[in-house]
Each structure stands twice: as C-alpha cells, then as structure tokens.
Amino acid sequence: MTALFRLQRDADLTTRNTFGVAARAPWLLEVNDTGSLAEALELDQLHGLPLLMLGGGSNLLFAGDAPGAVVALRAAGIDLVEDHGERVRVRATAGAGWHELVMWSLAQGLCGLENLALIPGSVGAAPIQNIGA
Ligand SMILES: Cc1cc2nc3c(=O)[nH]c(=O)nc-3n(C[C@H](O)[C@H](O)[C@H](O)COP(=O)(O)OP(=O)(O)OC[C@H]3O[C@@H](n4cnc5c(N)ncnc54)[C@H](O)[C@@H]3O)c2cc1C
C-alpha cells in the first residue's frame, strides 16, 4: 500500500528538475493523497520552514539548495464531476500531468484544451504558470 505522504531528509533534487541541476533540500515532502496534505504540513520537522511547491520541475532553475522544505504533490486523478451538455466541469488533482489532462479531455470527446497540448509540467503548476500556449 502506498503511504499517504513521505518525508525525506537531505533530499537530492537533481532528477526532479528537467535541467538536471544538482541541488538538495533539507526536507522533501511527497504527498500521495491530497486529503492528507494539511496533516502532512503539520509535521514538527516542517514547522516555520519556507515551503517550495514542486511539480514536474520543468520551469524551475535551482541556483542553490532549497532553503526549506520542498513539497511534491503526487496524487494524479482526473474526473468529470458535472456534465451540463455543452459545458462540463472537470476536477484534476495537482499531481496529474498537464498533457495527460489534455489527452484525457480529448479521449472523452471534450474540446477546449487541445491547443494546450504538449506543454510539460503538472496540473498544479498550471494556474501558477498561467499556461497560455
Ligand atoms: C519545452 C517547454 C515548452 C513550454 N511551452 C509552453 C507553452 O507553449 N505555453 C505555456 O503557457 N507554457 C509553456 N511552458 C511553460 C510551462 O507552462 C511550465 O513549464 C509548466 O507549467 C511548469 O509545470 P511544472 O509542474 O513543471 O512546474 P515546476 O517547474 O515544478 O514549478 C513551476 C512553478 O510553479 C510552482 N508550483 C508547481 N506546482 C505547484 C502546485 N501544485 N501548487 C502551487 N505552486 C506550484 C513552483 O513552486 C514554481 O514556482 C513550456 C515549458 C517548457 C520547458
């Protein structure tokens, strides 16, 4: 069974950014279940530390080690939650891949995201990065 979250000390971030820059984080929190995020952030080891959210690492250039804790949201779920005929509401968790979301929407016969295909990164980073294609 996959743990809801995992806290790792002195973590290597080299494979977690697409430039492959060698950097480390004093703590790396990997959250596999979005519902446990609040509980995970209550851990004593993280108290008072600056947090850096990490997605696919495709738009981050580490200029040194991370000063605090790096938080990676791993849960990757995509669901159709409302269908109003011409409009639908889709819920995708932060850890889902952006391109996977686009491909999923097309497989469902939904249009609107197709011009945003092949953009690297995660759903969680999308509103921060303001993906526009
Ligand atoms: C080859 C290439 C082509 C691209 N083409 C396009 C394009 O055509 N159009 C376009 O709009 N963009 C484009 N981009 C940029 C793209 O939008 C970003 O690279 C992508 O959104 C970053 O996602 P990520 O998960 O890798 O984020 P990361 O690189 O991991 O993080 C980027 C930022 O988002 C924050 N962040 C990450 N996840 C979360 C989260 N869950 N919650 C809060 N903050 C978070 C991080 O702290 C950081 O500040 C391109 C990038 C590349 C490398």
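Keep in mind that what you see is a predicted model, and the values were worked out from it rather than measured. Every chain begins its residue count from 1, and numbering advances along the sequence as written. Totals for whole chains, interfaces and linings use every residue, but because this is a predicted model, local features are given only for residues with pLDDT of at least 70 and side-chain atom pairs only at 80 or more, for both listing and counting. Side-chain descriptors were evaluated using all non-hydrogen atoms of the structure, hydrogens and water having been removed beforehand.

Enquirer: Just checking my understanding: could you explain the sheet that holds strand β4 (residues 69-73) for this structure?
Expert: Paired strands, in this sense, are two strands between which DSSP finds at least two bridges. Only DSSP runs of H or I with at least four residues qualify as helices, and only runs of E with at least two residues qualify as strands; both kinds are numbered from the N terminus onward. Strand order in this open sheet of 4 strands is β1-β2-β4-β3, and the pairing throughout is mixed. Every interior strand has two partners, whereas the edge strands, β1 (5-12) and β3 (51-54), have only one. Averaged over all neighbouring strand pairs, the angle between strand axes comes to 25 degrees, with direction disregarded. Across 5 bridges, the pairing between strand β2 (residues 24-31) and β4 is parallel. Counted as the bridge partner of Glu-30 is Ala-72 from β4. Note on method: axes are straight lines fitted to C-alpha atoms, helices fitted across the in-contact stretch only, with angles between N-to-C directions ranging 0 to 180 degrees.

Enquirer: Help me out: how do you make sense of the nonpolar core in this one?
Expert: By nonpolar core is meant a set of buried Ala, Val, Leu, Ile, Met, Phe, Trp, Tyr and Cys residues that side-chain atoms within 4.5 Å join together. The buried label applies to any residue whose accessible area, calculated with a 1.4 Å probe on protein chains only, is under 20% of its type's maximum; exposed applies above 50%, and partly exposed to all values in between. Grouped together as the largest cluster of nonpolar side chains are 10 residues: Ile-78, Ala-96, Trp-98, Leu-101, Val-102, Trp-104, Leu-110, Leu-116, Val-123 and Ala-126. Counting residues per element, this core draws most heavily on helix α2 (residues 98-107), which supplies 4 residues. If sequence neighbours within four positions are ignored, Val-102 has contacts with Leu-113, Glu-114, Leu-116 and Ala-117. The next biggest cluster of nonpolar side chains, apart from the first, holds 9 residues, and it includes Ala-11, Ala-25, Phe-62 and Val-70. When checking whether two residues touch, look at their non-hydrogen atoms; a contact exists if any pair is within 4.5 Å.

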